[in-house]
Amino acid sequence: MASERPISALEVRGLTKRYDRPAVDALDLTIRVGEFYALLGPNGAGKTTTLRMVAGLLKPDAGSVSVMGIDALADPVAAKQITAWVSDEPMIYDKLTPLEYLEFVAGLWGCDASTAEAAARDLLDSLGLADHAHQRCEGFSKGMRQKVALAGALVHEPRLIILDEPLTGLDAVSARHVKAILQARVRAGCTVIMTTHILEVAERMADRIGVIISGRLVAEGTLAELRARNGAGDSSLEDVFVALVDSEAVAA
Amino acid sequence: MSTVSLAGFARHDIRLAWREFLTMMSAGRRGRARNVLLALLVFAALLHLPAYGMVGRFADVSWDADLTTLIVITVTLAMAWLLMLSQAIESVTRVFYARADLDLIMSSPMPLGQVFSVRMAAIALTVTAMALLFSAPVIDVLAICGGARWLVAFGVVAAIGISAAAVAIGFTVALFQLIGPRRTRLVAQILAVIIGAGFVIGLQIAAILSTGTMSRFALLTSSAAASFAPDPASITWWPVRAILGDAMALSALLGGSMLLLGLVMATVSSGMGDLVVSASTAGVASTARRRRRGGFRRGSRQQALRVKEFILLRRDPWLVSQSLMQLLYLLPPALMLWRSFSESSTAIVLITPVIVMAAGQLAGGLAWLTISGEDAPDLVATAPLPETAVTRARIEVVLMVIGAVIAPLLVALAFVAPLQAVVTALGCAISAVSATAIQLWFRVQARRSQFRRRQTSSRFATFAEAFSSIGWAATTVLALTIPVLAAITEVLTVGLLAATWKFSPRRV
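Thresholds applied
Residues numbered from 1 in each chain as written. Chains lettered and ligands numbered in written order. Predicted model: local features only at pLDDT ≥ 70, side-chain atom pairs only at ≥ 80, totals over all residues. Heavy atoms only, no water. Helix = DSSP H or I, 4+ residues; strand = E, 2+ residues; numbered from the N terminus. Buried < 20%, exposed > 50% of the residue type's maximum accessible area, 1.4 Å probe, protein only. Contact = heavy atoms within 4.5 Å. Areas by Shrake-Rupley, 256 points an atom, 1.4 Å probe, with all protein chains shown as cover. 1 Å grid on protein atoms, 1.4 Å probe; cavity = no way out; pocket = protein on both sides within 12 Å on 5 of 7 lines; lining within 4 Å. Points joined across faces, edges and corners; volume = space filled by probe spheres on them. Nonpolar A, V, L, I, M, F, W, Y, C, P; charged D, E, K, R; others polar. Expected span 1.5 Å × (residues − 1). Arc of directions from axis to C-beta. Polar contact = N/O pair within 3.5 Å; in protein donor to acceptor, adjacent residues only side chain to side chain. Buried area = accessible area lost by both parts, 1.4 Å probe. Salt bridge = Lys/Arg side-chain N within 4 Å of Asp/Glu carboxyl O. Pairing = 2+ DSSP bridges. Axes fitted to C-alpha atoms, helices over the stretch in contact; angles between N-to-C directions. Parallel < 35°, antiparallel > 145°, perpendicular 65-115°, else oblique. Left-handed = near helix turned anticlockwise from the far one by under 90°. Phe/Tyr/Trp six-rings, centres within 6.5 Å; stacked < 30°, edge-to-face > 60°. Patch = residues over 30% accessible without salt bridge, like charges linked within 9 Å, V, L, I, M, F, W, Y side chains within 5 Å. Core = buried A, V, L, I, M, F, W, Y, C linked by side-chain atoms within 4.5 Å.

Student: Just give me the short version of the overall build of chain B, but keep the residues and values in it.
Tutor: The helix and strand tally for chain B stands at 19 helices and 0 strands. Taken across its 508 residues, chain B has 47% of its residues classed as buried. Within chain B, contacts between residues at least 6 apart in sequence are counted, and of these 80% link residues at least 24 apart. When the accessible area of chain B is evaluated, it comes to approximately 24200 Å², of which 69% is carbon and sulfur surface.

In structure tokens, the structure reads:
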């Protein structure tokens, strides 16, 4: 099992980010290699801020981030080399075709050209974009754009994949494709950390689930562990999540 | 639709136009409407000074002006009309492609013909209002120096604005019918730029060919122009006659322009809904691109960035049109250069500041697109290469493009005046680097489609960029003619850059 591997894929210690209030409050988080980890939380809980700090998009006020044993704050280039980031708002270039976009991403990550091209074509094929490979992205729907962005994240064979609401805007078939691809990556040894508001996705896909509220990790574990903590063995993740949010609101 | 709701829609459209203008002027920051108004008033007041310098001496021109005066004023009015036409084409294009409320309007139970009539009238009103605003200092000066009779010029400006809007609407709709919505956007944008700059540049070229100078009035005041001009009684001079106080000519102009707008609105408004629908879906059926032979390119990470930037620049209609404008401005000096091959002329030194200025301005636009206008900032920020490497690759792209645009002129210049070519090349490089540095210091993350807001995101940076280009252009030409003065302008320009850096949010 993944839990027996020695190095953590992601180790976050005392991670802190403040704006007018603490967005992330001395967060500790450990994600094992080969794990599918779902980070849940209500709106404004600090999920995206946490992931943006891990991906190197935001500088933390305090704390440390280690990706596969690499200090991501001291050596961000090395950490980025093995990390991929996908946000809920697909950021691609309207004037590039999907294949050109993947070529650009592969070039940025310094991938071997022929290997990357084969990987790009495979990805476009598996995401149902093969017929659109040579069309500019400017006319694409949000779902298609999201799939292009996801292909970009995967084309350089990352070892840690960070996804912020990746299924937003995808139709059921596309969402299934994406989930299948992510699960295949996890089976191949990749680590995935994903935020989502679709609790059913977390329930069905995640090895472990973390719940973050007001910038703090308030619960973590497998679905069974979270259920046990909630005191109801057959409750859904939604029940567990709502109970956690309610109890934190009462405590606050 | 009732008159009340039609009026309500007109108010809605005018309010949107006003807010868009405010957003443009305030760089999208809230709570600055009063400041914008104040700044506009101050700017308009200041414009009276150059206006006095330009037209003050013409205030006593009488109704029976000579032919040369008629030619100069008519051509000036024609230039103003073309500039308004350019602005109106751009506004009409935006109505088709960029208005966020089209879905709401199209799905509402209002007659689309009337709705789009209102929208067209709003375009005419906006274009005319802008024309009145910018012509006000000139007309004020004429009225103050020459009497209230000049105030009728406002009527002529209104007629020009209305007719320009009418022609722009008709022209854009005709483009839709002829070449389809996808091409119309690009063609209209490029034509708007070419029309805006083309006439002035055409006059300069004519002036160079006829007299060897770059003054656009040289040709107009020549005897050749007078010999080709129509008879003083011709209808051609009606706009001038109207300005000079001919009530009948003014009535005819105003009536004619409003009739033209009414005709255009009546003709095209009913089919406007279909055109808007085809424009809104134009991007969906994205055509397949020509497939490049060979596989993925091999190369460094910086090379990947450079290639991406080159592709995006090439495929950016805004940039194409902006670059075209810059290139158009290079045509007169190029022509002068060509003439200089056959006949020696000291006027050739004048092309140096034009080229240096163009290099700086083009570099500013390119630098904004490559440095600030990043559509996938997260992707680049999470890529495994240092920020300095990213920035360096982008600067290289700017300088390479500038080099490619300017090099042919410099090479040609080198055959005529080698030393001037070397000095000009140096000036271009410094001017381009300075403009790029200012963009770096003032960079703000934005989408490339927000290119129009580039000059309002920081007016300080915009003015610094313009004055830097002017400063280096002056320094370069003075270095060739009066080197002592060049040292002074150089110090001033370096001082300007230092102050710009000092006040910039990012001291890189």
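So much for the structure itself; the text now carries on.
Student: Requested: an account of the layout of surface pockets, with residues and values cited.
Tutor: Considering only enclosed or pocket space, the second largest pocket measures out at about 850 Å³ in volume. Lining the second largest pocket are 35 residues; nearest its centre among them are Gly56(A), Lys80(A), Pro377(B), Ala381(B) and Glu387(B). For the lining of the second largest pocket, the elements supplying multiple residues, two or more each, are helix H1 (47-54) and helix H2 (76-81) of chain A together with helix H13 (351-372), helix H14 (377-381) and helix H15 (387-416) of chain B. Within the lining of the second largest pocket, the residues separate by chemical class into 21 nonpolar, 5 polar and 9 charged.

Student: Could you give an account of helix H9 (residues 237-251) of chain A, naming the residues involved and the relevant values?
Tutor: Residues and elements named next belong to chain A. Spanning 15 residues, H9 covers 21 Å between terminal C-alpha atoms, matching the ideal 21 Å at 1.5 Å per step. Those residues of H9 not exposed but buried are Leu-237, Val-240, Phe-241, Leu-244 and Glu-248. For H9, the angular spread of buried residues about the axis comes to 100 degrees, placing them on one side. Turned more than 90 degrees off the buried face of H9, the exposed positions are Glu-238, Ala-249 and Val-250. The inward-facing, buried residues of H9 abut strand S3 (36-40), helix H7 (199-205), strand S9 (208-213), strand S10 (216-221) and helix H8 (223-230).

Student: Explain the side chain of Ser163(B) to me, and be specific about the residues and the numbers.
Tutor: All names here are of chain B. Looking at the element boundaries, Ser-163 is found in helix H6 (residues 153-211). Among the residues examined, Ser-163 registers a relative accessible area of 13% and is labelled buried. One polar contact links the side chain of Ser-163 to the main-chain carbonyl oxygen of Ala-159, over a distance of 2.9 Å.

Student: Before we move on, can you summarise the interface of chain B and chain A with the specific residues and values?
Tutor: The interface of chain B with chain A comprises 36 residues on the first partner and 39 residues on the second. Summed over both sides, the interface of chain B with chain A buries roughly 3400 Å², with 61% coming from carbon and sulfur. Connecting chain B to chain A are 4 salt bridges. Here chain B and chain A share 11 residue pairs in polar contact (both at pLDDT 80 or more) between them. Mapped by element, the contributors of at least two residues to the side of chain B that touches chain A are helix H11 (301-314) and H14 of chain B.

Student: Describe the sheet that holds strand S8 (residues 191-195) of chain A, naming the residues involved and giving the relevant values.
Tutor: Residues and elements named next belong to chain A. Strand order in the open sheet formed by 6 strands is S6-S7-S8-S3-S9-S10, and the pairing between neighbours is mixed. Two strands bound the open sheet, and with one partner strand each, they are strand S6 (83-86) and S10. In this sheet, neighbouring strand axes are inclined to one another by 15 degrees on average, regardless of whether the strands run parallel or antiparallel. Bridging between S3 and S8 involves 4 bridges; their strand directions are parallel. Residue pairing across strands places Phe-36 opposite Val-192, the latter belonging to S8. Contacts from H1 reach S3, S6, strand S7 (160-164), S8 and S9 within the one sheet, and its direction differs from that of S7 by about 150 degrees. Lying on the sheet, helix H6 (residues 172-187) is in contact with S3, S7 and S8; it crosses S8 at an angle near 145 degrees.

Student: Summarise the pattern of salt bridges; cite the residues concerned and give the values.
Tutor: Residue and element names in this part refer to chain A. A complete count under the given rule lists 22 salt bridges over all chains for this structure. Between Arg-145 and Asp-94 there is a salt bridge; the shortest N-O distance is 2.9 Å. With a gap of 51 residues between them, Arg-145 in helix H5 (residues 142-154) and Asp-94 in the loop between S6 and helix H3 (98-108) connect regions that are remote in the sequence. The class of Arg-145 is buried, set by a relative accessible area of 14%.

Student: Give a description of the packing of H15(B) against helix H16 (residues 418-441) of chain B that names residues and reports values.
Tutor: All names here are of chain B. Remark: H15 packs on H16, axes separated minimally by 9 Å, with the N-to-C direction vectors making an angle of 160 degrees. Classified by the angle their axes make, H15 and H16 are roughly antiparallel. You can see that H15 and H16 cross each other, and the crossing is right-handed. Contact with H15, carried on its side by Thr-391, Ile-395, Val-398, Leu-399, Ile-402, Ile-406, Leu-410, Leu-413, Ala-414 and Val-416, involves Pro-418, Gln-420, Ala-421, Thr-424, Ala-425, Cys-428, Ala-432, Val-433, Thr-436 and Leu-440 of H16 and no other residues of that element. Classifying every residue of the contact of H15 with H16 by side-chain character gives 16 nonpolar, 4 polar and no charged.

Student: Would you mind going over H6(A) in detail, with residue names and values included?
Tutor: Residue and element names in this part refer to chain A. The terminal C-alpha atoms of H6, which comprises 16 residues, lie 22 Å apart, in line with the 22 Å expected from a rise of 1.5 Å per residue. Buried residues of H6: Ser-174, Ala-175, Val-178, Ile-181, Leu-182, Arg-185 and Val-186, and no others. Seen from one end, H6 has its buried residues packed into an arc of 140 degrees, which puts them on one side. The exposed set on the far side of H6, more than 90 degrees from its buried face, consists of Ala-172, Val-173, Arg-176 and Arg-187.

Student: Account for empty space enclosed by the protein, with residues named and values stated.
Tutor: The method is simple in principle: a probe with the dimensions of a water molecule rolls over the atoms, and the space it marks as empty is what remains. Applying the stated criterion across every chain yields a total of 1 cavity of 30 Å³ or more. Approximately 160 Å³ is the volume attributed to the largest cavity. Of all the secondary structure elements, the ones that give two or more residues to the lining of the largest cavity are S6 and H5 of chain A together with H14 of chain B. Per-element accounting of the lining of the largest cavity gives the leading share, 4 residues, to S6(A). Tallied by class, residues from the lining of the largest cavity come to 10 nonpolar, 5 polar and 2 charged.

Student: Could you give me a rundown of the packing of aromatic side chains, with the residues and numbers involved?
Tutor: All names here are of chain A. Inspection of every chain in the model, using the stated rule, returns 2 aromatic pairs over all chains. The interplanar angle of 75 degrees and the centroid separation of 5.7 Å between the aromatic rings of Tyr-93 and Phe-104 together place this pair among those described as edge-to-face. With Tyr-93 in the loop between S6 and H3 and Phe-104 in helix H3, this residue pair connects regions lying 11 residues apart in the sequence. Both residues of the pair, Tyr-93 and Phe-104, count as buried. Joined through ring pairs, the aromatic side chains of Tyr-93, Tyr-101 and Phe-104 make up one cluster.

Student: A description of the environment of Val72(B) should follow, citing residues and the corresponding values.
Tutor: Residue placement: Val72(B) occurs in helix H3 (residues 67-97). For the pair formed by Val72(B) and Ala383(B), sequence separation is 311 residues and the distance between their alpha carbons is 58 Å.

Student: Talk me through a nonpolar patch on the surface; I want residue IDs and the actual numbers.
Tutor: Residue and element names in this part refer to chain B. There is a patch of nonpolar side chains on the surface, built from Ile-482, Val-484, Leu-485, Ile-488 and Leu-492 and spanning about 480 Å² of accessible area. Within the fold, Leu-485 resides in helix H19 (residues 483-503). A relative accessible area of 39% places Leu-485 in the partly exposed class.

Student: Account for the nonpolar core, naming residues and giving values.
Tutor: Counting residues in each nonpolar core, the largest one holds 77 residues, and the members touching the most others are Tyr93(A) and Ile209(A). Ile209(A) has contacts with Tyr37(A), Ala38(A), Leu40(A), Ala202(A), Ala219(A), Glu220(A), Gly221(A), Leu223(A), Leu226(A) and Leu237(A), leaving out every residue within four places of it along the chain. Counting 58 residues, the second largest nonpolar core, distinct from the first, contains Val55(B), Met84(B), Val141(B) and Val157(B).

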